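What follows is each chain in one-letter form.
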Amino acid sequence: MKRIYLFLAAVTIVSAVIRFVSVSQVPPGLYIDEVSNGYNAYTILTHGVDEHGVAYPLWFEAFGEFKMPVMIYMIAGVMAFIGKSELAVRLPSIVFGTLSVPLLFGILHLILKNSKQKIEQYIPYVASSLLAITPWHIHFSRGGFEATIALFLLLLGIFLFLLFLKKPANYLIILSVVSVVLSAYTYNAYRLIAPLFVLLFLTVAYISHTVSVKKGITVLFVFCLLFLPVVRFSLSSSGEVRFAQTSVLSTYKSTSFTEKLIRIPMESVNNYMRYFSPEFIFAVGDQNGRHQVPGMGLLFRWEAIFLVIGVFGFFTRKHDLLTLFVLPLLIITPIPAALTIPSPHSLRSLPLVLPLTVFVSFGIVYAYQWISWKRLYMFGMSILILAEGAYFAHLYFNHYSKVNILDWGGGYKEVSLALKKYHNNFDHIVVDRKLSDTEIYSKFYAPEVTFMLVEDSWKKPEAWKHDSVLLVRPDYGEGLKPNTVDRVYLKNQNHDIFAKLLEL
Amino acid sequence: MKKIISLIFVLSGFGISWLHWLDCTRIADKFHFSSLDLQLRLIESIHNDVGSQLLIVRLFHNKLLGSIIDIYRSYVLFWDPRFLISIFGFVGLCLFVSGVYYSVKNKKEYRWLRGVLVVLLLLPLVEIVFYPHIAFIAKTLIFIIPFIIFQFFGALKLIQKSVWFAVVFVLLVVVSLWWNSVYTPILLEFCVK
């Protein structure tokens, strides 16, 4: 037992260090949703309202759609202790991303500790260590992504349910359901995943005779009660906004009904298969600069061979309880992502990291069992992990913040800080609508600054003839004009000019 | 009889999908290694490392490592389920997976299949590195033969296990037919017409 606690402490510390180190610099700056979450959390904390003046809302309106509440209230809680900062926005994701690692250990340990195959008892150790260093999970834990917290809540729900199977106390299954329902209040994709998992829990509990029909109905009632607001929201016009923007349906708006009937299922199946493409998992990810480091996949390249061994090894032996959790995670989690565009989408399919990590762990352990030269195998594995880990670290800490700065709102923070610096020197400030994101960024970084957004063709009005005006425009590399007050540079390799501040 | 039925399933899955490939002149560029692409990427990577120690730059951005990474990327593309479906159909992919599964499970019994598996694993490398020097039809046939062996083996094993699998195969053939007749854009990702 002592050995387990020592391991858990070590793996949690390593996981925390990897997720915390230089988190305010890499990823380079807050992206627009993080800033919006941060600002809403701040107004909730200070005035009890969101940015639109709604008191303690369940759904937060932002950019014409609605955001789930859990992350924003968590950030508000963090801000109560450490104040409004970039770290505060990312801290919930970092903490829950870190805690997912020991939680995965707990789940696998509960399932495999009495495994007939003694070697399988090492799988919790391997899997949690792997999750701690997996690029996919590291990256989404370091940014302010709701998906990381939702994944933790799903894992917690599974863990509590497994405890319930061991010791059928009512509070455990209720807590498990609450945790899974909370995941649906955290990230959109879980609106579909959460009910499927609750149904799975109830089915497993009923088959294993740990719940009676009466108790099952009570649990289902609790779930429905808690989940009802999500259903109402999803069916409302506000809840459908996001779905309308991102669903596969949106690409076939103008086509006929029969064509939709044929094309949409096919498109969804095609999207679904993309999540199992080795290119997506091991080589390039979804190629969205905000979702992974260019040049890296979601998992390490060396894991591919162990994934194959692990899948074949896993299915050639009997793993009843583990199969019940790994297979649904593998099959269900890409479904919400497959129904949306763009696809594949590594953020929406984040829960897929769990079954893949479990299969890779099985592969590593089985390969160890089969190979005769165990020391050489361990040495080779260490070299592989260190080499690709170092390559990933190099790309992440040296390249990512330079190459992908624009994916993380590059320039807008600097524009807001420049406005903060100069706003007292001018009577009016106007910002070109092409830089409209400055609105939300300045609310977070420079709330004292007020300005208006104007079109490209805007001219100084006659009424302001004697007033001083600061105009902020994108800079396309024109020469320095005499009325230039300042320029905003990007922190990339070329120090590109992002915007110019002109005095009118 | 079971052998004939298995062969019919394999060839029907393959035939339905392969017809579309006849319009192609070659496999898409992303399947091939390009030294020019590598050079450009290395230049870009090194540019982002200005100010870093020379040893670090050379360690992470060199032609050897870059080639391995590029070949790896092209190699995994050959195992994309969508690519395999575009050649063999849903039925072919399922039969192939079951063929590999049974050959690995009974490794002492089917030792010769391990040899075929090794050939199968190495064949994509030929396409990645030597693609312009071998005729399209010739190399695709070479590439397909080991797959067909595994599919045939998988179909045979499954039908020997239960005749009901034949019904599943028929359904999969229908799905493959439907997929390939209606949904062709998938092919455009993998081949140049």
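Source: prediction; values computed, not measured. (Residues numbered from 1 in each chain as written. Chains lettered and ligands numbered in written order. Predicted model: local features only at pLDDT ≥ 70, side-chain atom pairs only at ≥ 80, totals over all residues. Heavy atoms only, no water.)

**Description of the overall build of chain A**
As a reminder of what qualifies: What counts as a helix is a DSSP run of H or I of at least four residues, what counts as a strand is a run of E of at least two, and both are numbered from the N terminus. Here the globule rule reads 2.2 Å times residues to the power 0.38, and the radius of gyration is calculated from C-alpha atoms. We call a residue buried when its accessible area falls under 20% of the maximum for its residue type, exposed when it is over 50%, and partly exposed in between, using a 1.4 Å probe and counting protein chains only. Between two residues, a contact is recorded if the distance between any of their heavy atoms is within 4.5 Å. Using a 1.4 Å probe, accessible areas were evaluated by the Shrake-Rupley method; residue-level cover was limited to the displayed protein chains. Only four residue types enter the charge count, namely Lys and Arg as positive and Asp and Glu as negative; His and the chain termini do not. Positions of charges follow a simple convention, taking NZ of Lys, CZ of Arg, CG of Asp or CD of Glu.
In terms of regular secondary structure, chain A is built from 20 helices and seven strands. Against the compact-globule benchmark of 23 Å for 504 residues, chain A has a radius of gyration of 25 Å, which places it among compact chains. In terms of principal-axis extent, the alpha carbons of chain A reach across some 85 × 55 × 55 Å. Going through the 504 residues of chain A one by one, you find that 57% of them count as buried. Here the contacts in chain A between residues at least 6 apart in sequence split such that 71% fall between residues at least 24 apart. Carbon together with sulfur atoms contributes 65% to the accessible area of chain A, which is approximately 21,400 Å² in total. Side-chain charges in chain A split into 43 positive and 33 negative, and the spacing between the mean points of these groups amounts to 13 Å.

**Focus on the overall build of chain B**
The secondary structure content of chain B amounts to nine helices and two strands. Secondary structure elements of chain B, listed N to C terminal, follow the sequence α-β-α-α-α-α-α-α-α-α-β. The long-range share in chain B, meaning contacts at least 24 apart out of those at least 6 apart in sequence, stands at 85%. As displayed, chain B offers around 10,100 Å² of accessible surface, 73% of which is attributable to carbon and sulfur atoms. Each charge class in chain B can be summarised by its mean position, and for the 18 positive and 10 negative side chains these summaries are 15 Å apart.

**So, the sheet that holds strand β4 (residues 452-454) of chain A**
Residues and elements named next belong to chain A. Going by this rule: Any two strands between which DSSP finds at least two bridges are classified as paired. All axes are obtained by fitting lines to C-alpha atoms, using only the stretch in contact for helices, and the reported angles, taken between N-to-C directions, cover 0 to 180 degrees.
Here we have five strands laid out as an open sheet, ordered β4-β3-β5-β7-β6, and mixed in their pairing. Looking at strand neighbours, the two that pair on one side only are β4 and β6 (484-489), the edges of this open sheet. The sheet shows a mean angle of 25° between the axes of neighbouring strands, direction not considered. Across five bridges, β6 lies against strand β7 (residues 497-503) in antiparallel orientation. Opposite T484, over in β7, you have L502 as the bridge partner.

**Quick notes on the interface of chain A and chain B**
Spelled out, the test is: Two parts placed together each lose some accessible area under a 1.4 Å probe, and adding up what both lose gives the buried area. Salt bridges are counted wherever a side-chain nitrogen of Lys or Arg sits within 4 Å of a carboxyl oxygen of Asp or Glu. Under this definition, polar contacts are N or O atom pairs within 3.5 Å; protein pairs additionally need one hydrogen-donor-capable and one acceptor-capable atom, and for neighbouring residues in sequence, both atoms have to be side-chain atoms. Each residue receives one of three labels: charged for Asp, Glu, Lys and Arg, nonpolar for Ala, Val, Leu, Ile, Met, Phe, Trp, Tyr, Cys and Pro, and polar for the others, Gly being one of them.
Taken together, the contact between chain A and chain B spans 31 residues of the former and 32 residues of the latter. Contact with chain B buries surface across chain A, with A:M266, A:M273 and A:F312 losing the most and accounting together for 21% of the total. If you look at where chain A meets chain B, you find two salt bridges. Its salt-bridge partner being A:R274, residue B:E189 comes within 3.4 Å of it at the nearest N-O pair. For the pair chain A and chain B, the interface holds 12 residue pairs in polar contact (both at pLDDT 80 or more). At the level of elements, α12 (257-274), α13 (278-284), α14 (303-316) and α18 (374-403) of chain A are the ones that each hand at least two residues to the side of chain A that touches chain B. Here the side of chain A that touches chain B is built from residues that sort into 16 nonpolar, nine polar and six charged.

**Let's talk about the environment of A:K481**
Counting through the fold element by element, A:K481 comes out in the loop between β5 (469-474) and β6. Between the alpha carbons of A:K481 and A:K500 there is a distance of 9.8 Å; along the sequence they are 19 residues apart.

**Structural notes on the packing of aromatic side chains**
Residues and elements named next belong to chain A. Our working definition: By convention, a stacked pair of Phe, Tyr or Trp rings (six-membered ring in the case of Trp) has centres within 6.5 Å and planes under 30 degrees apart, an edge-to-face pair has planes over 60 apart, and any other such pair is tilted.
The tally for this structure, following the rule as stated, stands at 56 aromatic pairs over all chains. Centre to centre, the rings of Y366 and W370 are 5.9 Å apart; their planes meet at 25°, and the pair counts as stacked. Of this pair, Y366 and W370 both sit in helix α17 (residues 353-370), separated by four residues, roughly a single helical turn. The class of Y366 is buried, set by a relative accessible area of 0%.

**Examining the nonpolar core**
Here is the rule: We call a set of buried residues a nonpolar core when its members are Ala, Val, Leu, Ile, Met, Phe, Trp, Tyr or Cys and they connect through side-chain atoms within 4.5 Å of each other.
Ranked by internal contacts, the top residues of the largest apolar core, which has 163 residues, are A:W136, A:F161, A:F197, A:L322, A:I364 and A:L419. Per-element tally for this core: the top contributor is helix α7 (residues 146-166) of chain A, with 14 residues. With residues near it in sequence (within four places) discarded, A:L322 still touches A:L108, A:I111, A:L112, A:F314, A:V358 and A:F362. Among the nonpolar cores identified, the runner-up in size contains 52 residues, and B:V10, B:F96, B:F150 and B:F190 belong to it.

**Examining the pattern of salt bridges**
Scanning the model with the defined rule gives 17 salt bridges over all chains in all. The salt bridge partner of A:D456 is A:K434, with a shortest N-O separation of 3.5 Å. Remark: A:K434 occurs in the loop between β3 (428-432) and α20 (438-445) and A:D456 occurs in the loop between β4 and β5; sequence separation between them is 22 residues. Taking the relative accessible area as the measure of exposure, A:D456 reaches 47% and is therefore partly exposed. Since its relative accessible area comes to 45%, A:K434 is described here as partly exposed. If you follow the salt bridges from partner to partner, you end up with A:R274, B:D80, B:R82 and B:E189 in one network.

**Focus on the side chain of B:S45**
Among the secondary structure elements, B:S45 is positioned in helix α2 (residues 35-47). Residues contacting B:S45, with those up to four places away along its chain left out, are A:H399 and B:H61.

**A short note on helix α4 (residues 86-112) of chain A**
Residue and element names in this part refer to chain A. To keep things clear, this is the line we draw: The span you would expect from a helix comes to 1.5 Å times its residue count less one. For a residue, the bend is simply the angle between two axes, fitted respectively to the seven-residue segment ending there and the seven-residue segment starting there.
The end-to-end C-alpha separation of α4 is 40 Å, in line with the 39 Å expected for 27 residues at 1.5 Å each. At P92, α4 shows its maximal bend, which comes to roughly 30°. The buried fraction of α4 amounts to 23 of the 27 residues, a majority that puts the element mostly inside the structure.

**Details of the packing of helix α4 (residues 63-77) of chain B against helix α6 (residues 111-130) of chain B**
Residues and elements named next belong to chain B. Here is the rule we go by: The crossing is said to be left-handed when, going from far helix to near helix, the turn is anticlockwise and less than a right angle, and right-handed when the turn is clockwise.
One way to put it is that α4 packs onto α6 with a least axis distance of 10 Å and a crossing angle of 120°. At the point where α4 passes α6, the crossing takes the right-handed sense. Each of I71, S74 and Y75 in α4 lies in contact with α6, whose residues at this interface are L121, P124, L125 and I128. Residue composition of the contact of α4 with α6, grouped by class: six nonpolar, one polar and no charged.

**A short note on the pairing of β5(A)**
Residue and element names in this part refer to chain A. Counting buried positions along β5 gives six out of six residues, so the element sits mostly inside the fold. Here β5 shows two buried faces, one formed by V469, L471 and R473 and the other by L470, V472 and P474. Relative to β5, β3 runs parallel, the two sharing four bridges. Bridging across to β5, V431 finds its partner in V472. Of the pairings in the sheet, the one linking β5 to β7 comprises five bridges and is antiparallel in character. For L471, the partnering residue across the bridge sits in β7 and is L502.

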